[in-house]
Number of protein chains: 2
Amino acid sequence: MKIILDAFGGDHAPLEPLRGAELAIKEYGVEIIAVGDIEKMKKVCEENSISTQGMEFLQADDVFDMHEDPMDIVKKRKTTSLHIAMKALADGMGDAVVSAGSTGALLMGATFIVKRIKGVKRAALGTVMPGEKETGFMLIDAGANAEVRPEMLNQFGIMGSVYMEKVAGIKNPKVALLNNGAEDTKGTPVHIEANALLRQNKAVDFIGNIEGRYVMSGEADVIVADGFSGNIALKTCEGVAGFMTKMLKGMLKKNVKTMLAAILLKNELKEFKAKLDYTEYGGAPILGVTKGVIKAHGSSNAKAFKNAIRQAKIYAENNVSDVIANSLVNEEE
Amino acid sequence: MKIILDAFGGDHAPLEPLRGAELAIKEYGVEIIAVGDIEKMKKVCEENSISTQGMEFLQADDVFDMHEDPMDIVKKRKTTSLHIAMKALADGMGDAVVSAGSTGALLMGATFIVKRIKGVKRAALGTVMPGEKETGFMLIDAGANAEVRPEMLNQFGIMGSVYMEKVAGIKNPKVALLNNGAEDTKGTPVHIEANALLRQNKAVDFIGNIEGRYVMSGEADVIVADGFSGNIALKTCEGVAGFMTKMLKGMLKKNVKTMLAAILLKNELKEFKAKLDYTEYGGAPILGVTKGVIKAHGSSNAKAFKNAIRQAKIYAENNVSDVIANSLVNEEE
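The structure displayed is predicted, hence computed values, not measured ones. (Residues numbered from 1 in each chain as written. Chains lettered and ligands numbered in written order. Predicted model: local features only at pLDDT ≥ 70, side-chain atom pairs only at ≥ 80, totals over all residues. Heavy atoms only, no water.)

Caption draft 1: Region of interest: the interface of chain B and chain A. Listed per partner, the contact involves 50 residues of chain B and 50 residues of chain A. Both sides of the chain B and chain A interface together cover about 4800 Å² of buried area, and 75% of this is carbon and sulfur. Between A:Glu211 and B:Lys235 there is a salt bridge, with the nearest N and O atoms lying 2.2 Å from each other. Summed over the shared surface of chain B and chain A, the number is twelve residue pairs in polar contact (both at pLDDT 80 or more). If you list the elements that add at least two residues to the side of chain B that touches chain A, you get α7 (189-200), α8 (227-252), α9 (256-264) and α10 (266-275) of chain B. Residue contributions to the side of chain B that touches chain A peak at 20 residues, all from α8(B). Residue composition of the side of chain B that touches chain A, grouped by class: 23 nonpolar, 14 polar and 13 charged. (Contact = heavy atoms within 4.5 Å. Buried area = accessible area lost by both parts, 1.4 Å probe. Salt bridge = Lys/Arg side-chain N within 4 Å of Asp/Glu carboxyl O. Polar contact = N/O pair within 3.5 Å; in protein donor to acceptor, adjacent residues only side chain to side chain. Helix = DSSP H or I, 4+ residues; strand = E, 2+ residues; numbered from the N terminus. Nonpolar A, V, L, I, M, F, W, Y, C, P; charged D, E, K, R; others polar.)

Caption draft 2: Region of interest: the sheet that holds strand β8 (residues 205-210) of chain A. All names here are of chain A. An order of β3-β2-β1-β4-β11-β10-β5-β6-β9-β7-β8 is seen for the eleven strands of this open sheet, with the pairing classed as mixed. Of all the strands in the sheet, just β3 (55-59) and β8 have a single pairing partner and so form its edges. Across the sheet, the axes of successive neighbouring strands diverge by a mean angle of 25°, strand direction being ignored. As paired strands, strand β7 (residues 174-178) and β8 are joined by five bridges and run parallel to one another. Considered in β8, the bridge of Val175 is made with Phe206. Its contacts with the sheet put helix α1 (residues 15-28) on β1 (2-6), β2 (31-36) and β3, and the angle it makes with β3 is roughly 145°. Running at roughly 175° to strand β11 (residues 292-295), helix α5 (residues 103-115) makes contact with β4 (96-99), β5 (124-129), β10 (284-287) and β11 of the sheet. (Pairing = 2+ DSSP bridges. Axes fitted to C-alpha atoms, helices over the stretch in contact; angles between N-to-C directions.)

Caption draft 3: Main features of the pairing of strand β6 (residues 137-140) of chain A. All names here are of chain A. Burial along β6 is two-sided: Phe137 and Leu139 and Met138 and Ile140, pointing in opposite directions, are all buried. Bridge count for β6 against strand β9 (residues 222-224) is three bridges, and the pairing is parallel. Residue Met138 lies in a different strand from β9, and its bridge partner there is Val222. (Buried < 20%, exposed > 50% of the residue type's maximum accessible area, 1.4 Å probe, protein only.)

Caption draft 4: Up close: the relation of the copies chain B and chain A. Overlay of chain B on chain A (RMSD 0.0 Å): rotation 180°, translation along the axis 0.0 Å. Viewed as a symmetry operation, the transformation between the two copies matches a two-fold axis. Among all residues of chain B, the one whose C-alpha sits closest to the rotation axis is B:Ala261, at a distance of 2.2 Å. Most of the interface of chain B is mirrored in chain A, where 100% of its interface residues are also at the interface. (Least-squares fit on C-alpha atoms with pLDDT ≥ 70 in both.)

Caption draft 5: Here's a closer look at the packing of helix α4 (residues 81-90) of chain A against α5(A). All names here are of chain A. For the pair α4 and α5, the least separation of the axes is 10 Å and the interaxial angle reads 30°. At the point where α4 passes α5, the crossing takes the right-handed sense. Facing Leu82, His83, Met86, Lys87, Leu89 and Ala90 of α4, the residues of α5 in contact are Ala105, Leu106, Gly109, Ala110, Ile113 and Val114. Considered class by class, the residues forming the contact of α4 with α5 number nine nonpolar, two polar and one charged. (Left-handed = near helix turned anticlockwise from the far one by under 90°.)

Caption draft 6: Spatial organisation of the packing of aromatic side chains. Residue and element names in this part refer to chain A. For the structure on display, the rule yields two aromatic pairs over all chains. When the centroid spacing of 6.3 Å and the interplanar angle of 45° are considered together, the rings of Tyr163 and Tyr315 count as tilted. Placement of the pair is Tyr163 in helix α6 (residues 150-166) and Tyr315 in helix α11 (residues 302-317), with a sequence separation of 152 residues. Of the two residues examined, Tyr163 and Tyr315, each falls in the buried class. (Phe/Tyr/Trp six-rings, centres within 6.5 Å; stacked < 30°, edge-to-face > 60°.)

Given below as structure tokens:
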């Protein structure tokens, strides 16, 4: 199993991606193709005592910047680590790609370099988020497509369901549609029609609409959303969790009594933090394309990269793209 | 100042609305017209030693159910406490209405019985939510209009801004547009055009787009949203806050050490809870109509009703509807 790693994507590149690669090689027995400036990567590995065993290097002279036009990844910026990583995947040099680079560029690269599965209208960004259930839940689309048609939402349901079954190991994942009310008639015309399509869709276990209030409740394993409100839901979750964590921290630092309480709660606070830790959940897959493309969080540390590589491995091992392709064909028949 | 109270709306009617009325009369010196089955209301007041001083009663034989078609409030269900309260407001019997009844019915009643301000395309639901700033922030539209046009979002900005200035006492409230990215070019075509309209709008202090991550940050006093993603954001906030509170509670009950910590944190936990307590923020105004209509939360207790009545009073004292009407006219000139 060979995972292609864009070693120059993210806030802490190339150190943290390379550290993550080292961990993943040891823990999961994968091989890594690290893409980027080879001289720099070798220097960083040497300086930080990172073992390069199981690692190959692939040269890329440039880095794709977060502020560039995502579309440029396809034709204009062929010398960037992100483009070269995608191209290597398309050419069959490895089994999946991991990158913490620009989400937009990853989407464009996945769509036009790795290419969509036949019949897929739009690739989507699926993010696994923490919730009451140990396995969390997948929000799909988490921001790739601000405007969607009902048949796209229906496909997102299939893609998310296959991923959560094959990668997160959930049997018959429950799929819900993010909406402004529980009844089938709620939402915009697009949502009403998507609800009807998902109800008829035999490839998924559709449980109906879900309101924002219940996204974390564990009722659904896959929450289908248009990219606009999916993005709002995702970021609102992050914002509220951050706000409450900040309040909690302030509370524990207030005086001697509260600081004593903080000491008593040390282990539990660690667990609390771990439960909300995105690094535990690894990266966000871009679904609907012919091979595994995993987007790691921009601020990923070594552990987050390691987990994203693990996801990429499971994705490839289970041929998730092929299963999605078959499910789409069956659904259309 | 006379506030009309739908005494039969909400989960705890008529006891909690009447208790809230008693508190508001004492604390704010308002008069209350309590609408509903007079015999029942008088009995509840007697049994619970609720003083009826400053209270008038207005008979309504029926109660509008949460599951009825909201549109029916206008013509079919004229004997309900909600219809009669709205009608009393339209007829000038009081200065504003408070109800914890069906949001949809309140919107329909506000739009077609109390009636929209001239030039207002759509009435909107504004909800004041807790955040880093003491005054919280208003989310408008929080769910009334799933589909909107850019000019409606622009008007929501004006309505929310006037309300937060006049009722929450914030000078030059900062207005932002809920979107999937910070740049002016982000979002659907509706959001892009709304951003442009708000940029040109001299009646509001527009600070640009805001992402879900920052809604609670205090950067904006008014967050304009289409009713669909506004509803998603609102309910996601509630869901995450509930999830984290539950986790926190579980953590504090785990063992002797954590229970001791809970005792040490007693006062701070109270403050923490109060900060997230919707009852502190009162109800949600329906904006864009000719008089004050305040929707109280369905599960409101006496304190929440008292605060909603306080809001209704400040709304009426400051002629918020008239100020909105003038701002709309000035903006159009």
